[in-house]
Amino acid sequence: MPRLIIQRGKEHRVRAGHLWVYRNEVDRISSTARDGQPVDILDSRRRFLARGLLNRQSGITARIYTYQKEDMDETLLASRLERAVDLRESCGIDLNLVRLVSSEGDMLPGLVVDRYGNVMVVQFLTPGMDARRDALVSLMVERFDPAAVFERSNVPSRQAEGLSSAQGLLYGSLPDPVEVEEDGVRFRVDVGNGQKTGLFLDQRENRMLTRNLARGKKCLDMCCYTGGFGIHALKGGALEATGVDISGEAISMARVNAEINGLSEHYRTVEANAFDYFRQAERRGESYDLVCLDPPSFARAKRSLPSASSGYKELNLRALKLLSDGGILVTCCCSYSASPGLFLKIVTEAAADAGRVLVLINEGTQSLDHPVLPAHPETRYLKCLILRAWRR
């Protein structure tokens, strides 16, 4: 087996369970090693640490998939897939609407599999998984008998891995439309062109918590995408909901989702930039009892964290100014580099500037089908704070 040797003194992260070996930690790599294929990862004294998939074109030179001397073959892939299924079943998760495989969280680095009823949407994000696409699709077809397997590997991270964008049908034929039910709410899913793979599955539990707090409230769902928080709020008894998003396509789908749930009469949509809408709404004197904020990532790297922090603070400040006294703020951050503690600090500072006292109702993260490995903190990326805000 080709070998990757880590520099002396830089083995501690891997020994502690972190799954990535960075380029600046590598001492040497066997000349026979090939990108996308396994390498034994050794410390500076040539002691075996783990086995990972190599990619010298990436800043992450190796991604660990096992601590044993086992190959990334169909037997291992099938075993990991079953382990992922077992984890979700043990948590009581509906396997008809689920993230079945969550990359490093399931020790299959670079592979994402989402299931929308009888449609499976896959992302091959690294050369190691890209090289095994045929085997993985065959395993999924054999195990789940889907109507279709659709690839959504059209994400910027593939470029950093030396891969080109890829998208299209890999198996079967897509139903039209693709429709799922999430806790009594129906959603149309645009698997071909929607954000991520078509639906933000990682917010499922946070949407339900919000729904339970929505009765009798006037709701603003900012960066609403296809209406998840707002429509759940209406299902929970909200009096009305306004969905705002900068994407016209997302707004159109949100309207469809409100209609198929029989909620169009109480659901309004606005195509607008979040910051612009907040400023205009404040000038109009608007007020809401429940504001949901689920913006895209403002910080994709640590170097952009200072400017991202300012953006998050401004967005939350504007939201808090529109909240009625005792209103509820549901605010999210999907930037990994912003830690839970930092995000809470940002929102607390925004509240001080808005003249509000916050009561923390819940501090959440991504849904259970997006596993978190404590030794690999990058697997925990989503923060969701639910707070009650009182005027000072």
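Residues numbered from 1 in each chain as written. Predicted model: local features only at pLDDT ≥ 70, side-chain atom pairs only at ≥ 80, totals over all residues. Heavy atoms only, no water.

Concerning the nonpolar core
Part 1: Counting 36 residues, the largest nonpolar core has Y116, V191, Y267, L290 and V330 as the members making the most contacts within it.
Part 2: Those elements giving two or more residues to this core turn out to be β9 (119-124), β13 (185-188), α7 (228-235), α8 (248-260), β17 (288-293), β18 (323-333) and β20 (383-391).
Part 3: Among the elements that line this core, the one with the most residues is α7, at four residues.
Part 4: Apart from the residues within four sequence positions on either side, V191 is in contact with Y116, V119, V121, F150, R152, L174, V178 and T197.
Part 5: One finds M222, L305, L315 and A319 within the second-largest nonpolar core, a separate group that totals 34 residues. (Core = buried A, V, L, I, M, F, W, Y, C linked by side-chain atoms within 4.5 Å. Buried < 20%, exposed > 50% of the residue type's maximum accessible area, 1.4 Å probe, protein only. Helix = DSSP H or I, 4+ residues; strand = E, 2+ residues; numbered from the N terminus. Contact = heavy atoms within 4.5 Å.)

Focus on the sheet that holds strand β5 (residues 48-54)
Part 1: Taken in spatial order, the six strands line up as β2-β6-β5-β4-β1-β3 in an open sheet, and their pairing is mixed. Edge positions in the sheet fall to β2 (20-22) and β3 (26-29), since each has one partner strand and no second. Mean inter-strand twist for the sheet, computed between neighbouring axes without regard to direction, equals 35°.
Part 2: As judged from the five bridges shared by strand β4 (residues 38-42) and β5, these two strands associate in the antiparallel manner. When the bridges of β5 are listed, I41 appears paired with A50. (Pairing = 2+ DSSP bridges. Axes fitted to C-alpha atoms, helices over the stretch in contact; angles between N-to-C directions.)

Section: the packing of aromatic side chains
Part 1: Tallied over the full model, the rule gives three aromatic pairs.
Part 2: When the ring of Y312 is compared with that of F343, the centres are 6.0 Å apart and the planes differ by 75°; the resulting orientation is edge-to-face. One end of the pair, Y312, is in helix α10 (residues 305-322); the other, F343, is in helix α11 (residues 340-354), with 31 residues separating them in the sequence. Take Y312 and F343: they sit in the same class, and that class is buried.
Part 3: The ring centre of F200 lies 5.2 Å from the NZ or CZ of K196, which sits over that ring.
Part 4: Just above the ring of Y288 sits the side chain of K218; from NZ or CZ to the centre is 5.0 Å. (Phe/Tyr/Trp six-rings, centres within 6.5 Å; stacked < 30°, edge-to-face > 60°. Lys NZ or Arg CZ within 6 Å of the ring centre and 35° of its normal.)

A look at the sheet that holds strand β10 (residues 148-153)
Part 1: The sheet built from five strands is open, its strands ordered β7-β8-β9-β10-β11 with mixed pairing. Sheet topology places β7 (97-102) and β11 (166-172) at the edges, where each strand pairs with a single neighbour. This sheet shows a mean twist of 15° between the axes of neighbouring strands, independent of strand direction.
Part 2: Two elements, β10 and β11, share six bridges in a ladder whose sense is antiparallel.

Thoughts on the pattern of salt bridges
Part 1: Applying the stated rule across the entire model yields 26 salt bridges.
Part 2: The partner of R15 in a salt bridge is D43, with the nearest N and O atoms 2.5 Å apart. Here R15 is found in helix α1 (residues 12-15), whereas its partner D43 is found in the loop between β4 and β5, with 28 residues between them in sequence.
Part 3: Note that R279 and D276 form a salt bridge whose closest N and O atoms lie 3.4 Å from each other. Remark: D276 and R279 occur in helix α9 (residues 274-284); sequence separation between them is three residues, near one turn of the helix.
Part 4: Note on R279: relative accessible area 32%, which makes it partly exposed.
Part 5: By sharing partners, the salt bridges in this structure join D130, R133, E151 and R158 into a single network. (Salt bridge = Lys/Arg side-chain N within 4 Å of Asp/Glu carboxyl O.)

Comments concerning empty space enclosed by the protein
Part 1: With the rule as written, the count across this model stands at three cavities of 30 Å³ or more.
Part 2: Of the voids in this model, the largest cavity is the one considered here, and its volume is about 90 Å³.
Part 3: F200, R207, C224, Y225 and G228 are the residues nearest the centre of the largest cavity, which is lined by 14 residues in total.
Part 4: The residue inventory of the lining of the largest cavity, partitioned by class, reads seven nonpolar, four polar and three charged. (1 Å grid on protein atoms, 1.4 Å probe; cavity = no way out; pocket = protein on both sides within 12 Å on 5 of 7 lines; lining within 4 Å. Points joined across faces, edges and corners; volume = space filled by probe spheres on them. Nonpolar A, V, L, I, M, F, W, Y, C, P; charged D, E, K, R; others polar.)

Structural notes on the pairing of β9
Part 1: With respect to burial, β9 is a largely interior element, six of its six residues being buried.
Part 2: Judged by which residues are buried, β9 turns out to be covered on both faces: V119, V121 and Q123 on one side and M120, V122 and F124 on the other are all buried.
Part 3: Across six bridges, the pairing between strand β8 (residues 111-116) and β9 is antiparallel. Across the sheet, Y116 pairs through a bridge with V119, a residue of β9.
Part 4: Between β8 and β9, which follow one another and run antiparallel, lie two residues, and G117 among them has a positive phi close to 65°.
Part 5: With four bridges connecting them, β9 and β10 associate as parallel partners. Looking at β10, one finds that V122 is bridged to E151.

Read these as spatial facts, not as claims about activity.
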